[in-house]
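Here's the letter readout for the chains.
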Amino acid sequence: MIDHYAVVGNPISHSKSPFIHRLFAEQTGQEMHYRAELGDPNQFESQVLRWMALGLRGLNVTLPFKERALALATHPSFRAQLAGAANTLRFVPDTTEIEADNTDGVGLMRDLQDRLGIQLKGKSILVLGAGGATRGILGPLLEAHPQQVVLTNRTESRGIALVSAMQSALSSQSLVFLSQSELVERSEGFDLVINATSSSLSGAIPDLPPNVWVHQPIAYDLAYAPKGDTAFMSLARERSARQCSDGLGMLVEQAAEAFYWWRGIRPETDSVLFKIRNMLATQ
Ligand code: NDP
């Protein structure tokens, strides 16, 4: 019998997850079917429970349902609880148990450290944004022992609340919030600047003072553009960033982690990333 999986979000038609998981399944010889489902904000929970009753084995969750997915879980992982959001659910057959995980952070770390060869120990990192993606990546970033992680956000209150929640959950002194004006006053630059805002999706660029770029940092955008650079990557190149990357590698890696959790077999990701880039380039 074929096992069924899905991704749920709203909107969902743009999702690359069905393409990625189909390639993983082919590559590893897994008998599975993976589909995209449009989530209904008025009845997300009952949708999930219905799919579960129909035998769905696992679900990827994207905007705007990650927090609600965590709330549905009977067994959330530590990293999902820390992030306050789940992007992957696993249903235990013939029970009402729902396990939840958040694979965004590990996806970013695999792309940054393993694929791009970026070492984070002792480094100074700036994270832009305080949304769901930031919640997922802060824990793993701090576990890599950077010298400091500075977080800034357009809406200061959201940034401050996230930093104080993370500081107490992780007992970390390495994470600080800086407002836009405090960032302007800071004289040191950064080794790595991560754009975890959704600004690139609208072609906008977060407002950043020139001192952010003085050390020619590496620039990483969690978003990706169908072709070429995101707006943030273009800005970073103009400001002489020494290396730029979009988040397509992270997308493939977070999917690989979910696939491994569901199927117990780790897919190879470089060839999948290559295929998805080609697919986007020809769209
Ligand atoms: P959220 O909606 O939860 O958060 C959005 C964040 O972006 C907020 O901090 C918001 O600030 C900020 N923001 C939005 N527009 C602007 C702007 N014009 N200028 C400055 N800040 C802005 O989104 P997520 O955290 O879930 O996603 C963030 C990005 O990460 C998206 O591009 C998403 O596609 C990407 N992502 C990529 C993944 C991958 O695997 N590569 C995985 C998950 C996410 P404010 O608080 O002021 O509103």
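A brief report on the enclosed structure follows. (Residues numbered from 1 in each chain as written. Predicted model: local features only at pLDDT ≥ 70, side-chain atom pairs only at ≥ 80, totals over all residues. Heavy atoms only, no water.)

Read from one edge of the open sheet, 6 strands run 9-8-7-10-11-12, paired in parallel fashion. The strands lining the two open edges of the sheet, one partner per strand, are strand 9 (175–177) and strand 12 (243–245). Recorded for the sheet is a direction-independent mean angle of 15° between the axes of neighbouring strands. In this sheet, strand 11 (residues 218–221) lies alongside strand 10 (residues 192–195) in parallel orientation, the contact comprising 4 bridges. Counted as the bridge partner of Leu192 is Ile218 from strand 11. (Pairing = 2+ DSSP bridges. Helix = DSSP H or I, 4+ residues; strand = E, 2+ residues; numbered from the N terminus. Axes fitted to C-alpha atoms, helices over the stretch in contact; angles between N-to-C directions.)

A word on the sheet that holds strand 1 (residues 3–9). As summarised here, the arrangement of the 6 strands in space is 2-1-3-5-6-4, forming an open sheet in which the pairing is mixed. Taken across any chain shown, the strands that pair with only one partner, and hence form the sheet edges, are strand 2 (32–38) and strand 4 (75–76). Judged from the 2 bridges that link them, strand 4 and strand 6 (residues 98–101) form a sheet pairing that is parallel. Bridging across to strand 6, His75 finds its partner in Glu99.

This part covers the pairing of strand 8 (residues 148–152). Counting buried positions over the 5 residues of strand 8 gives 4, a clear majority of the element. In terms of strand pairing, strand 7 (residues 124–128) meets strand 8 through 5 bridges, oriented parallel. When the bridges of strand 8 are listed, Val127 appears paired with Leu151. You can see the chain leave strand 7, run along helix 6 (residues 132–143) and come back into strand 8, and the turn it takes is right-handed. Direction of pairing for strand 8 relative to strand 9: parallel, over a ladder of 3 bridges. Bridge pairing in strand 9 links Val150 to Val176. You can see the chain leave strand 8, run along helix 7 (residues 156–170) and come back into strand 9, and the turn it takes is right-handed. (Buried < 20%, exposed > 50% of the residue type's maximum accessible area, 1.4 Å probe, protein only. Right-handed = clockwise from strand over helix to strand, strands pointing away.)

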